[in-house]
Every structure is written in structure tokens, then in C-alpha cells.
Amino acid sequence: GCGDGLLFSSLARFGKVFGVESDETTLAADSPWRQRIYCQPFDGNFQPSRRFDLILMLDVLEHLPDPAAALEHARSLLRPEGRILITVPALNALWTTHDDINHHYIRYDRQSFRTLASAAGVDLMSMQYLFHWTCPIKLLIRLKERLWQTTPQPPKVPLRLINRMLLALACAELRVAAPLRLPFGSSLLAVAR
């Protein structure tokens, strides 16, 4: 689910980067990363000639009808000491039309993700919730959507200044709240092997 390789330039500092994207319409023909993006579904037919040290599945599994098969396939593509870094939307109580628009099947909690990891045969090394500060906002949005039926609209990218402020807030939260391991957040981050 790498899209057009948005994160590739940041990740390339750590080694060779490759991606898989099933939706060809997200790939620009003139993308500098186009030759490193496999345009096909991430299933058993995807058999690259290499194995990987790290596989990122950032907000991917919630879109798949069989996330266990995808996670198991990712495991099969790892080198012996390889890792999978996974983010998924968390907590079904935070389900809004945003999840509907993005064709999500599920939002995970720790237990449901442990069950998924077990079914896929991966060993969870760590798991924690992220974006705690967005939970009250998501709950208010959910309440608003329950009270007033409106036509769902895709979210718009905020202005650059607002994006920077939100990034600063998220970074500050990570420094302060991550060590506390709070039992809620709008995303779940897991590292598996």
C-alpha cells in the first residue's frame, strides 16, 4: 500500500526501498520511484526475488478482507531476523464515516490484533496505541454523525501551518504519553517478527 512512494525518500536513508501498490491509478508515470514499486495485489502471487529486513504495513490491514493471509505472506518475505512494522486504526468505538469512505473492514484493539497476529503466525514484539489526543475528537465526530445524518465527505488536507501544528502535537504526545502505554488511541502500532 505504498501509493506513489511518498515515504521512499525518507526511508532510502536506511537502505534499498521497494513497495507494493495494487491500485495503478495512484502511481505517476514520472515518479522517481516507479521502478521500485510492484504494481500488483499483495497476495501469494507476489513473489519477489529478494527477502526483506523490514516490511512496513502502514494502515493497510484494515482494508483487506483477509488480513491474516496478508500478514502471513509478509512474514514469509522476511529475512530470518526481519521485522514487520504495522499500524492500523484502533478501537471500534471510534468508527466514523471516515472508515466507511476508506473501505475499512475493522478497527483493532490489542486483543483482536493479537488474535490476528497469532492466526498469521507472527510473533508480536511490541504493541501500543498512538494518537491518544484524537480519541475525544473521533468520539465527538461519531456522536455528531449519529445525531445528524450527513453525506460523508472525504477529509481535506489541512493547511500547511495546521499540519505542522498537528505534527508538533503528535510528536509531543509521543514523548510524553508513549512511556505511559495508555490503553487507548486512534491507531495501534505493532512490531512483529
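Note that the structure is predicted; figures quoted are calculated from it, not measured.

Visitor: How should the pattern of salt bridges be read in this particular structure?
Guide: When their charged atoms lie close together, side chains carrying opposite charge are able to pair. Across all of its chains, the model carries four salt bridges by this definition. Between Asp53 and Arg79 there is a salt bridge, and its shortest N-O distance comes to 3.0 Å. Here Arg79 lies in strand 4 (residues 78–89) and Asp53 lies in strand 3 (residues 52–58), a separation of 26 residues in the sequence. The class for Asp53 is partly exposed, based on a relative accessible area of 49%. Between Arg107 and Asp99 there is a salt bridge, with its nearest N and O atoms 2.7 Å apart.

Visitor: Just checking my understanding: could you explain helix 4 (residues 110–120) for this structure?
Guide: Every α-helix carries 3.6 residues per turn, so stepping three or four residues along brings you back to the same face. All of the buried residues in helix 4 are Phe113, Leu116, Ala117 and Ala120. On an axial view of helix 4, the arc spanned by its buried residues comes to 100°, and they lie on one face. In helix 4, the exposed residues that point more than 90 degrees away from the buried face are Ser118 and Ala119. Summarising the contacts, the buried residues of helix 4 are in contact with helix 2 (67–76), strand 4, strand 5 (124–130) and strand 6 (187–192). Of the residues flanking the start of helix 4, the one acting as N-cap is Asp109, its side-chain oxygen 3.0 Å from the backbone nitrogen of Gln111.

Rules used throughout
- Residues numbered from 1 in each chain as written.
- Predicted model: local features only at pLDDT ≥ 70, side-chain atom pairs only at ≥ 80, totals over all residues.
- Heavy atoms only, no water.
- Salt bridge = Lys/Arg side-chain N within 4 Å of Asp/Glu carboxyl O.
- Helix = DSSP H or I, 4+ residues; strand = E, 2+ residues; numbered from the N terminus.
- Buried < 20%, exposed > 50% of the residue type's maximum accessible area, 1.4 Å probe, protein only.
- Arc of directions from axis to C-beta.
- Contact = heavy atoms within 4.5 Å.
- Polar contact = N/O pair within 3.5 Å; in protein donor to acceptor, adjacent residues only side chain to side chain.

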